[in-house]
Each structure stands twice: as C-alpha cells, then as structure tokens.
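# Topology and contacts: notes
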Amino acid sequence: MRRLLASFILIAVFILAAVAAHADSSTPAASLASSTPPATVPTSASSSFSLLDPGTWKMPHYDWHSFKAQDPNSWPFIPVPEVATDPNGGVTYGVLPVWLFTDSKNEISSILAPDINANSTLGPGGNFRYLAYPSSDTNWYAVAGAQETIARKVDLDYQTGRDRKKWWSFEGRFFFERDPTERFFGTGNHSHEGNQSNYTTEQLYGQAILGINFSEKLQLSMMERPRYVRIQEGGFTSVPSIFTQFPHKKGLSGGSEVLSQWMIQYDSRDSVDIPRSGTLARLYYSIADRRFGSSISYNRFGGELREFYTVGERITFAGHVFNEYEPAGGEIPFWSQARLGGDESILTDQETLRGYGTGRFVDNNLFVINVEMRTRVWDKKIFGTHGILELAPFAEAGRVAHNMGYNPFSELHPVGGIGFRGIAEPFVVGFVDIGWGGEGAAVFSGINYPF
C-alpha cells in the first residue's frame, strides 16, 4: 500500500510538471519531473540556454509582481515534491526544483533539475541533473548523485546522428556507480523469492557506439564497452548478504570485460522518443575474450522487434519481443548474465518485466514479450507547451533459461498492469507504471517508454 500511495502522489506531480513538459528519473534511474514555461515565466526559462555556452549564462530576471501562488504559470521554477519508489531500493522523499529553458520554437532545449532527498534505508542525499535537447538529431545529459550510505553515481551520455540523415551516428557514454540496492535470488527461471539477497555493484565503464547509416532506416553499428565490476556488501541489513546466501556463486569477486558488439538495425519509426507508428528490428552479436583484456570469455547473440500501430488519433498499440542466447554454460559471472525484471529494456543488460524488481530472474538465455495500449486521455496547453496525459494498460510475460534448447513459450512469468504517462512532444515522457506479477505489485517511475 505504501508503494501504491507514493505512486499516486507521483502521478499528481507528473500531471503538474511532466505532463506540462518533461520528466526525468534516474537512468538511464531517481525521479525528475519538469515542464515547458509559458511567456509569463522568467526569461531564463524562455530564452535559449546551453550549459556548454557561457554566453547564455545569465542571472534570471523575474517580475515578482506577476507572482501568484495559485497560478503555476507565474512561478519562477517548478517545485516538485519528490516521492520515488523502487521495488529494490525502497522509498525516497525529497524536493526537486526544476528550471526549464526553451528555444525559439518554444520547445524545451534543456532542463536543470537538482534535488535533495532522503531514502528510508540509505539516508540523505542529492542529485544534479542537466538534460540537453539541442535538436531531434542530438541530445546529451549529465547526472551525478550520492546518498549517505554507499550509493554514488556519475552518468554522462552524448548522442548525435539520431535521425540517421548523415552517413554516420555516434553515442558516447561514461558511467560509474555504487548501487547498494541490488538483489539476487539465485540463477534460473524458478529462483525462489525466499532466497533474496542484497549486494552492492561497483562498476565503471565507457561505451562508444559508431553507426554506419546505409539509409535513414538501415544501420550497421559497432560497440566497444570496457567495464570494471566489483561486488561488495549491500546497504540493506534486513536482507541477507549475497556472500552468505550464495557464497560459491561465480562472479562474487567481480571482474572486467571488454565487450565488442555488432548490430544490424532496421528502423521505420516516426519518432525515436515518442513513436506512434513503424517498426524497429535488430539482430546483434557480442563477444568478450580474455585475449583482449577481459577476465572472462563468452559470446551472446539475439534479436529484438518493436512494433507500433496507431488507431485513430488517441490509441497506439505498442509491442515488443526480445530473445537472447549466451552459449557459455556456467562460465559467465552472474553480473553479466541476462537479467529479466524492472522497467527498462536495455540491450545486453536487462529486459522489462514490470511485476518484478530489476534483475529478478538471471540466467544465460532470456525471452520476453510486452504489449501496451497507449491511450491519450487528456491534452492541454499548460506551462506554455502541449501536455498530454496517457493511460497504458499493459500485459507481458517472460522467462530465463540455462540451456539454449529451451521452449521460450513455456513456464512464463505473466505480468499485467497500468501505466500513467505525462508527455511533452517531441522528446520526453514521464511515467509511473504499476505492475502485478507472481510476487505482488511493483511500482516504477522515471522517463522514457519502457520500450
């Protein structure tokens, strides 16, 4: 009930802020909501601003005579009460002031959203967030934060060539974290809820992806990701440690890997961020090898299909199928195996199953299918932008397996639920998703669609 109450508070916040414009959480993951200002909002939020251009750094001018407490359009920034839930990490409360900066088209060009917060277990903390949307072709973000107990995070990401109008596309990312909320229940599709254990993942990686665009729809990409991982004691004493619950599990000492990946992709979606029609289909192959700096050797391959179909002006059916194989027997450490559970679909790292926490099921092979009916139930000009509220009932099911010869349609873990989304076209979606699986309810909040 506590999670459900927090989620409905977040929904109200997103209607106020994220529906009005843009919302963020942590990510690529902590909650952030934001919105585009109207003409009456201070000039700092209504003129073009870039963190990389000191010429745009100006103290905001604000006419306090225009301030009215009952009129959010007159506020100099959007004060967002932060109530975030996570099936693994518990409840976080905080205050998140959001400044919004728009371009000449009155579309959001960047968002500044620091916060101070307190987690029920990890203690007080805070985050800095800056998200930039120079164009549909290029965007970048910088996120950094910490909690009193263990948790640390730095996440920097830059993407260009997203529209694939040039012959090349590029993404570069730097990521560091100490995440003390991680859970492990054992390997396999039937890992028992009662075997839950807690640990901290400390990892550092750099990622570079170069895409060769044969056309706006067809791309071949190459990825390199050197990664350093250490496993440490978790931050939750109420849950057994992985070191006592699974003392002989492969990977407890951490390791390193240099992952190389090749992927062919066909993308006919009408939007990268808020698709309403089209197809995304991709096939990939990845390899890590001791001869090239990894402490382990393995390979993986798989495929993904996303399909979007709109009925009328308000309803979009969204479907997602993902299948991955790791033909390496017992050689892969648990932190590098396929992970099923949570709210994000991240190729080679984890897949969406919103009735369970992140990484609930772990093994060599993975299959999942997700379907949503994204229904626009409300839209309004608010805070100077076109805000949309969307309801999305969803159904999904998935499983993991140890051997490659498994039947992907047997012994599935079904999940049903409802999503609440605040949209500000053309870039950002804020969401609260509530899913019910075999172990009760799970609530997620953040930015972007799950797939």
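Note: the structure precedes this text.
Read on for an overview of the structure. The model shown is predicted, which means the values in this text are computed figures rather than measured ones.

A tally of helices and strands in the chain yields 3 helices and 23 strands. Counting only residues that meet the buried cut, the chain has 56% of its 451 residues in that class. Carbon and sulfur atoms form 62% of the exposed surface of the chain, whose accessible area is close to 18,500 Å².

Per the counting criterion, the structure on display carries 26 salt bridges. Between Arg 225 and Asp 349 there is a salt bridge, with the nearest N and O atoms lying 3.2 Å from each other. With a gap of 124 residues between them, Arg 225 in strand S12 (residues 218–233) and Asp 349 in the loop between strand S17 (338–340) and strand S18 (361–363) connect regions that are remote in the sequence. Judged by relative accessible area, Arg 225 falls into the buried class, the value being 2%. Taken together, the shared-partner salt bridges connect Arg 354, Glu 372, Arg 374, Glu 390, Glu 396, Arg 421 and Asp 433 into one network.

Attention shifts here to the packing of aromatic side chains. Counted by the stated rule, this structure contains 10 aromatic pairs. Judged by centre distance (5.3 Å) and plane angle (45 degrees), the ring pair of Tyr 130 and Trp 140 falls under tilted. Highlighted residues: Tyr 130 in strand S7 (residues 123–132) and Trp 140 in strand S8 (residues 138–147), separated in sequence by 10 residues. The exposure class assigned to Trp 140 is buried, which follows from its relative accessible area of 13%. Summarising the aromatic geometry, the rings of Tyr 199 and Phe 334 are spaced 5.4 Å apart at their centres and angled 85 degrees between planes, so their arrangement reads as edge-to-face. Of this pair, Tyr 199 sits in strand S11 (residues 197–213) while Phe 334 sits in the loop between strand S16 (315–325) and S17; the two residues are 135 residues apart in sequence, bridging distant segments of the chain. Residue classification places Phe 334 among the buried residues on the basis of a relative accessible area of 2%. Site record: aromatic cluster; members linked through ring pairs are Phe 184, Tyr 199, Phe 246 and Phe 334. The ring centre of Phe 394 lies 3.7 Å from the NZ or CZ of Arg 354, which sits over that ring.

Let us look at the nonpolar core. If you look at the biggest cluster of nonpolar residues, it comprises 17 residues, and the most contacted ones within it are Phe 184, Tyr 199, Ile 231, Ile 242, Tyr 298, Phe 334 and Trp 335. Here this core takes 3 residues from S12, the largest share from any one element. Beyond its immediate chain neighbours, meaning those up to four positions away, Ile 231 contacts Tyr 199, Thr 200, Thr 201, Ile 242, Phe 243, Gly 251, Leu 252, Gly 254, Phe 334 and Trp 335.

What follows deals with the environment of Ile 346. Examined against the element boundaries, Ile 346 turns out to sit in the loop between S17 and S18. Judged by relative accessible area, Ile 346 falls into the partly exposed class, the value being 30%. Sequence spacing of Ile 346 and Phe 451 is 105 residues, and the spatial spacing of their C-alpha atoms is 8.8 Å.

Taken together, the side chains of Tyr 158, Phe 170, Leu 210, Met 222, Trp 262, Tyr 285, Phe 301 and Met 404 make up a nonpolar region of the molecular surface, amounting to roughly 680 Å² of accessible area. Examined against the element boundaries, Tyr 158 turns out to sit in strand S9 (residues 152–160). The partly exposed category is assigned to Tyr 158, whose relative accessible area is 37%.

Attention now moves to the side chain of Thr 200. Topologically, Thr 200 is positioned in strand S11. Residue class for Thr 200 comes out buried when judged on its relative accessible area of 0%.

On to the environment of Arg 290, then. Within the element layout of this structure, Arg 290 appears in the loop between strand S14 (278–288) and strand S15 (298–311). In sequence terms Arg 290 and Val 258 are 32 residues apart; their C-alpha atoms lie 8.7 Å from each other. When sequence neighbours within four positions are dropped, the list of residues in contact with Arg 290 reads Ser 295, Ile 296, Ser 297 and Glu 331.

Pairing of S15 with S16, which is carried by 11 bridges, proceeds in the antiparallel orientation. If you follow Glu 307 over to S16, its bridge partner there is Gly 319. Connecting S15 to the next strand, S16, in antiparallel fashion are 3 residues, including Gly 312 with a positive phi near 70 degrees.

Our next topic: the pairing of S12. Note: S11 against S12, 13 bridges, orientation antiparallel. Looking at S12, one finds that Glu 202 is bridged to Arg 230. As consecutive antiparallel partners, S11 and S12 are separated by 4 residues. Two elements, S12 and strand S13 (residues 255–267), share 12 bridges in a ladder whose sense is antiparallel. Note on S13: the bridge partner recorded for Val 229 is Gly 255.

On to unusual backbone geometry. Phi angles above zero are rare outside glycine, and Ile 150 is one such case at about 70 degrees. Relative to the assigned elements, Ile 150 resides in the loop between S8 and S9. Judged by relative accessible area, which is 27%, Ile 150 ranks as partly exposed. The phi dihedral of Arg 164 falls on the positive side, at around 55 degrees, and the residue is not glycine. Inspection of the secondary structure assignment puts Arg 164 in the loop between S9 and strand S10 (168–184).

This next bit is on the environment of Asp 343. Counting through the fold element by element, Asp 343 comes out in the loop between S17 and S18. When the C-alpha positions of Asp 343 and Val 443 are compared, they lie 8.9 Å apart, and in sequence the two are 100 residues distant. When sequence neighbours within four positions are dropped, the list of residues in contact with Asp 343 reads Thr 352, Arg 354, Phe 431, Phe 444 and Pro 450.

Cut-offs applied
- Residues numbered from 1 in each chain as written.
- Predicted model: local features only at pLDDT ≥ 70, side-chain atom pairs only at ≥ 80, totals over all residues.
- Heavy atoms only, no water.
- Helix = DSSP H or I, 4+ residues; strand = E, 2+ residues; numbered from the N terminus.
- Buried < 20%, exposed > 50% of the residue type's maximum accessible area, 1.4 Å probe, protein only.
- Areas by Shrake-Rupley, 256 points an atom, 1.4 Å probe, with all protein chains shown as cover.
- Salt bridge = Lys/Arg side-chain N within 4 Å of Asp/Glu carboxyl O.
- Phe/Tyr/Trp six-rings, centres within 6.5 Å; stacked < 30°, edge-to-face > 60°.
- Lys NZ or Arg CZ within 6 Å of the ring centre and 35° of its normal.
- Core = buried A, V, L, I, M, F, W, Y, C linked by side-chain atoms within 4.5 Å.
- Contact = heavy atoms within 4.5 Å.
- Patch = residues over 30% accessible without salt bridge, like charges linked within 9 Å, V, L, I, M, F, W, Y side chains within 5 Å.
- Pairing = 2+ DSSP bridges.

Geometric descriptors of this kind do not, in isolation, establish any biological role.
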